[in-house]
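In case you want the letters, here they are:
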Amino acid sequence: MCVSPSVSRRLPLVYHPHYSCSWPPKHRFPMSKFADLHAFLLTQPSVLATASWHQPELPPHAWVEAVHEREYYRAFLGSRLGDAEARRIGFREQLSRPELIRRTRLEVGGTVLTAKLALRHGLACNLAGGTHHAHAGTRAGSGFTILNDLAVAAAYVRKHEGVSRVAVVDLDVHQGDGTATLFEGDGSVFTLSMHCGANFPFRKARSDLDIDVPSVGTADAGYLRLLREALPTMLRRFRPELAPPWRRGSEPQADVLYDAGVDVWEGDGLGHLKLSHAGIWSRDRYVIETCVRSGVPIACVIGGGYDRDPLALARRHALLHRAAARVWRGSARLSGSAPAEVPLEGLAPGRDPGRARSGITEKKARDRVGGPRLIDA
């Protein structure tokens, strides 16, 4: 058991109101989703009864420069990245805006804070993060990614928190190519990427463990079967040597950073897989329970997800936090035995827990909370 009621009775959730900034309404990247997710979670009694909220600060430049080239990072801060970099990132004229620079740095700070809280409490979740396409070098940005928050957090906890090993479990539909290249040859970081092989990036990097999920015919059962093979394989090959956080001594420590992208959903605008919302719920709960029961601290980020309906997307991302809240509440009953199959309880046939009307505001989300509870978290 990794989450001890004697350590904390609240699940740490990390959020900053500047995770979202003003944004062109027709842009493919859903910038409002971080604020939308926060507003939706505020309507969820099961989450509110469990959560403690934490707000990150802007990270020191040294944290980022431990991973990214100083020349690239300083050019981004100074709004000096060129047109080619802007095209690769996908933000073009938005890239020089102070609001975007601030929210990008806050997202990195949020994932670092989430990793620190996970080491202290066993489990923590960010309401942003998972920017895994940023590489090393002076042309680092790619695919809606400017800075690699996962890599910065991994480097931070190794240097400042006494962590000897970090595993990045990336279940976004797109390969975590930037994370893989940043830690290539580094035996202290294990990168697992389970992604759609036919999707972006089309030139794949080499993770420590890559699972190319077929884009044709892979729905919940096939996906979860692959996951239940891959995650234990990772734990065996990169077995953490650690005590639970509240019994720290001189033992080497380890940490898992989990990218829970929901672009694996069957209707996602940039995904090619066929997972239902029940499948995503099962995936997230399985990963979190496996780490918690193994005594491995796990820090969760939301990863990718694309939908023109903002409330639908917020509800989809919230599956992660609701699964974490369920595991947190049940942590006192968890044993060290192997995790059981994750049930799909509370899913009413024919109902879709991710769909709702667009135009989310906190009031609208609160007004809608009286509707059917499609997943009982």
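Below is a summary of the structure that appears in this document.

Cut-offs applied
- Along each chain, the written sequence defines residue order, and numbers are assigned to residues from 1.
- Where totals are concerned, whole chains, interfaces and linings use all residues; where local detail is concerned, this predicted model gives features only for residues with pLDDT of at least 70, and gives and counts side-chain atom pairs only at 80 or more.
- Where side-chain values are given, they derive from all heavy atoms of the structure, hydrogens and water being excluded.
- Any pair of Phe, Tyr and Trp rings, taking the six-membered ring for Trp, is counted once the centres come within 6.5 Å. Such a pair is stacked with planes under 30 degrees apart, edge-to-face with planes over 60 apart, and tilted for the rest.
- The way it works is that DSSP assigns letters per residue, a run of H or I at least four long becomes a helix, a run of E at least two long becomes a strand, and they are numbered from the N terminus.
- Partly exposed residues are those whose accessible area sits between 20% and 50% of the maximum for their type, while under 20% is buried and over 50% is exposed, using a 1.4 Å probe and protein chains only.
- Note on pairing: two strands pair once DSSP finds at least 2 bridges between them.
- The rule is simple: put a 1 Å grid over the protein atoms alone, call a set of points where a 1.4 Å probe fits but cannot get out a cavity, call an open set with protein on both sides within 12 Å along at least five of seven lines a pocket, and count a residue as lining if it has an atom within 4 Å of a point.
- Grid points are joined across faces, edges and corners, and a volume is the space filled by probe spheres set on the points.
- Ten residues, namely Ala, Val, Leu, Ile, Met, Phe, Trp, Tyr, Cys and Pro, are considered nonpolar, four, namely Asp, Glu, Lys and Arg, are considered charged, and the remaining ones, Gly among them, are considered polar.
- For a helix, the expected span equals 1.5 Å multiplied by the residue count minus one.
- Polar contact is defined as a pair of N or O atoms within 3.5 Å, subject to the rule that within protein one atom must be able to donate a hydrogen and the other to accept it, and that residues adjacent in sequence are counted only when both atoms are side-chain atoms.
- A positive count includes Lys and Arg, and a negative count includes Asp and Glu. His and the chain ends are not counted in either.
- For salt bridges, the criterion is a side-chain nitrogen of Lys or Arg within 4 Å of an Asp or Glu carboxyl oxygen.
- Note on contacts: a residue pair is in contact if any heavy atoms of the two residues lie within 4.5 Å.

## What about the packing of aromatic side chains?
Thought 1: For the structure on display, the rule yields 10 aromatic pairs.
Thought 2: Both rings, one in F91 and one in F144, keep their centres 5.6 Å apart while their planes meet at 5 degrees; by these two values the pair is stacked. Separated by 53 residues along the polypeptide, F91 in the loop between α5 (83-89) and α6 (98-121) and F144 in the loop between β3 (123-126) and α7 (149-160) bring together distant segments of the chain. With respect to class, F91 is no different from F144; both count as buried.

## Description of unusual backbone geometry
Thought 1: Its identity is not glycine, yet S79 carries a phi of approximately 60 degrees, on the positive side.
Thought 2: The class for S79 is partly exposed, based on a relative accessible area of 34%.

## Focus on the pairing of strand β5 (residues 189-196)
Thought 1: The element β5 is largely enclosed, with a buried count of eight among its eight residues.
Thought 2: The sheet contact formed by strand β4 (residues 163-170) and β5 spans five bridges and is parallel. Opposite V166, over in β5, you have V189 as the bridge partner.
Thought 3: Strand direction decides the pairing type here: β5 and strand β6 (residues 209-213), joined by five bridges, are parallel. Within β6, the position partnered with C196 by the bridge is V213.

## Comments concerning the environment of A314
Thought 1: Mapped onto the elements, A314 comes out in helix α11 (residues 310-330).
Thought 2: Counting along the chain gives 274 residues from A314 to F40, while the straight-line C-alpha distance between them is 6.6 Å.

## Considerations on empty space enclosed by the protein
Thought 1: Applying the stated criterion to the full structure yields one cavity of 30 Å³ or more.
Thought 2: Approximately 30 Å³ is the volume attributed to the largest cavity.
Thought 3: Contributing to the lining of the largest cavity are V168, D170, G176, T179, T191, L192, S193 and S207.
Thought 4: Going through the elements one at a time, β4 and β5 are the ones with two or more residues in the lining of the largest cavity.
Thought 5: Counting residues per element, the lining of the largest cavity draws most heavily on β5, at three residues.
Thought 6: A class-by-class count of the residues in the lining of the largest cavity yields two nonpolar, five polar and one charged.

## Considerations on α7
Thought 1: For α7, with 12 residues, the first-to-last C-alpha span of 16 Å sits near the 16 Å given by 1.5 Å per residue.
Thought 2: Most of α7 is tucked away, with nine of its 12 residues classed as buried.
Thought 3: A distance of 3.2 Å separates the backbone nitrogen of L150 from a side-chain oxygen at the start of α7, and that oxygen is part of N148.
Thought 4: Looking at the residues trailing α7, positive phi occurs at G162, about 70 degrees.

## With respect to the side chain of D259
Thought 1: Structurally, D259 can be placed in strand β7 (residues 253-259).
Thought 2: Buried D259, no salt bridge; nearest opposite-charge side chain is R283, N-O distance 7.2 Å.
Thought 3: Those residues in contact with D259, other than ones at most four positions away along the chain, are G130, H132, L150, V169, D170, L171, D172, V301, I302 and G303.

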